[in-house]
Amino acid sequence: KLNGYGIYTYDEPSEYAGNKYVGEYKNNKKHGQGTFSFANGNKYVGEFKDDKREGKGTYFFTDGVVWDGLWKDDEWVSGKKYDAGEYNGSVVASNKCPGSPLKTKFSSIPSSWNNCKGTFIYTDKGFEGNEYVGEWKNGEKHGQGTYNWADGKKYKGEWKDNKIHGQGTYIAANGNKYIGEYKYG
């Protein structure tokens, strides 16, 4: 079963031949953040749930029209529809966490850091100068992200519930690398 981050390209004889999905999976279904590119040039960037567009997302049509907003059960439900040439970046589906970059204690991360991308710099004793740049869910590191330790170590990859989990690369301060799958830290 597909779980975590992946790329799927639809081939012949599928009716979806030429389409491509890059993003998160859960139980063999598109689930989480992703980009679905259609063979005709249209593209959806946003959230998925159980193989359907669900949550915040932006749909780009080849004629320049853009639908930006909230999706439910694969259907656009609210937000803004832009005519060709009007779209100048997402307002509703903005992925930037409010207040990012944030430099404070880890316990002070707001729960409003949900389904967004942000930079957090630790001020907690023993963690001073450590930094996480990536995706957040309910105030926790979740999705794709990079953790930089003040002493030069680095981890880049998947996170789940504030822990290193999934595919990733750990680079020690001396340059040694481990590339593989991690289970909860």
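Preceding block: the structure.
Residues numbered from 1 in each chain as written. Predicted model: local features only at pLDDT ≥ 70, side-chain atom pairs only at ≥ 80, totals over all residues. Heavy atoms only, no water.

Visitor: Mind showing me how you'd approach the state of the cysteines here?
Guide: Here is the idea: a disulfide is a covalent bond, and it sits between the sulfur atoms of two cysteines. Tallying each qualifying case throughout the model produces 1 disulfide. Between the sulfur of C97 and that of C116 lies a disulfide, 2.0 Å long from S to S. Because the sign of the S-S torsion sets the handedness, a value of about 95° for the bond joining C97 and C116 places this disulfide among the right-handed ones. One end of the pair, C97, is in the loop between β7 (75–82) and β8 (102–104); the other, C116, is in strand β9 (residues 116–122), with 19 residues separating them in the sequence. Judged by relative accessible area, C97 falls into the buried class, the value being 2%. (Disulfide = S-S within 2.5 Å. Helix = DSSP H or I, 4+ residues; strand = E, 2+ residues; numbered from the N terminus. Buried < 20%, exposed > 50% of the residue type's maximum accessible area, 1.4 Å probe, protein only.)

Visitor: Explanation requested: the packing of aromatic side chains in the structure shown.
Guide: Here the distance between the centres and the angle between the planes together describe a pair of aromatic rings. Per the stated rule, a full pass over the model turns up 28 aromatic pairs. Here the aromatic rings of Y178 and Y182 are separated by 5.3 Å at their centres, their planes lie at 90°, and the arrangement is edge-to-face. Of the residues examined, Y178 reaches a relative accessible area of 44% and is grouped as partly exposed. The ring of Y44 carries R53 above its face, with NZ or CZ at 5.7 Å from the centroid. One residue, K80, lies across the ring of Y82, its end atom 5.1 Å from the ring centre. (Phe/Tyr/Trp six-rings, centres within 6.5 Å; stacked < 30°, edge-to-face > 60°. Lys NZ or Arg CZ within 6 Å of the ring centre and 35° of its normal.)

Visitor: Would you explain the sheet that holds strand β13 (residues 163–171) in this entry?
Guide: As a general point, the strands of a sheet are linked pairwise by backbone hydrogen bonds and lie either parallel or antiparallel. Judged by pairing direction, the sheet is mixed, and its 7 strands sit side by side in the order β8-β9-β10-β11-β12-β13-β14 without closing on themselves. Both edges of this open sheet fall to β8 and β14 (177–182), since each of them pairs with a single strand only. The mean angle between the axes of side-by-side strands here comes to 20°, regardless of whether they run parallel or antiparallel. Sheet topology places β13 next to β14; 6 bridges connect them, and they run antiparallel. The residue bridging T169 from the neighbouring strand is I179, located in β14. (Pairing = 2+ DSSP bridges. Axes fitted to C-alpha atoms, helices over the stretch in contact; angles between N-to-C directions.)

Visitor: I'm lost on a positive patch on the surface in this one. Help?
Guide: Taken together, K26, K49, K137 and K160 make up a surface patch of like positive charges. Looking at the element boundaries, K26 is found in strand β2 (residues 20–26). (Patch = residues over 30% accessible without salt bridge, like charges linked within 9 Å, V, L, I, M, F, W, Y side chains within 5 Å. Areas by Shrake-Rupley, 256 points an atom, 1.4 Å probe, with all protein chains shown as cover. Salt bridge = Lys/Arg side-chain N within 4 Å of Asp/Glu carboxyl O. Lys, Arg positive; Asp, Glu negative; His and termini not counted. Charge placed at Lys NZ, Arg CZ, Asp CG, Glu CD.)

Visitor: Sorry if this is basic, but what is going on with the side chain of E158 here?
Guide: Along the polypeptide, E158 turns up in strand β12 (residues 154–160). No salt bridge is formed by the buried E158; the nearest opposite charge belongs to K160, separated by 9.6 Å. Those residues in contact with E158 that lie beyond four places of it in its chain are G4, Y5, G143, Q144, K163, I164, H165, G166 and Q167. (Contact = heavy atoms within 4.5 Å.)

Visitor: What am I meant to see in the nonpolar core here?
Guide: A general feature of soluble globular proteins is that nonpolar side chains tend to end up buried together. By size, the foremost hydrophobic cluster in this structure holds 13 residues, and its most contacted members are W113, F120, W136 and W159. Listing elements by their share of this core, those giving two or more residues are β9, β10 (131–137) and β12. It is β9 that contributes the most residues to this core, 3 residues altogether. The residues touching W136, leaving out its near neighbours within four places in the chain, are C97, F106, I109, W113, N114, N115, C116, K117, G118, F120, K141 and H142. Of all hydrophobic cores here, the second largest spans 8 residues; its members include Y10, Y21, Y25 and F36. (Core = buried A, V, L, I, M, F, W, Y, C linked by side-chain atoms within 4.5 Å.)

Visitor: Help me understand the environment of D83, please; the structure alone is not making it clear to me.
Guide: Among the structural elements, D83 can be located in the loop between β7 and β8. Setting aside anything within four residues of it in sequence, one finds D83 in contact with G64 and V65.

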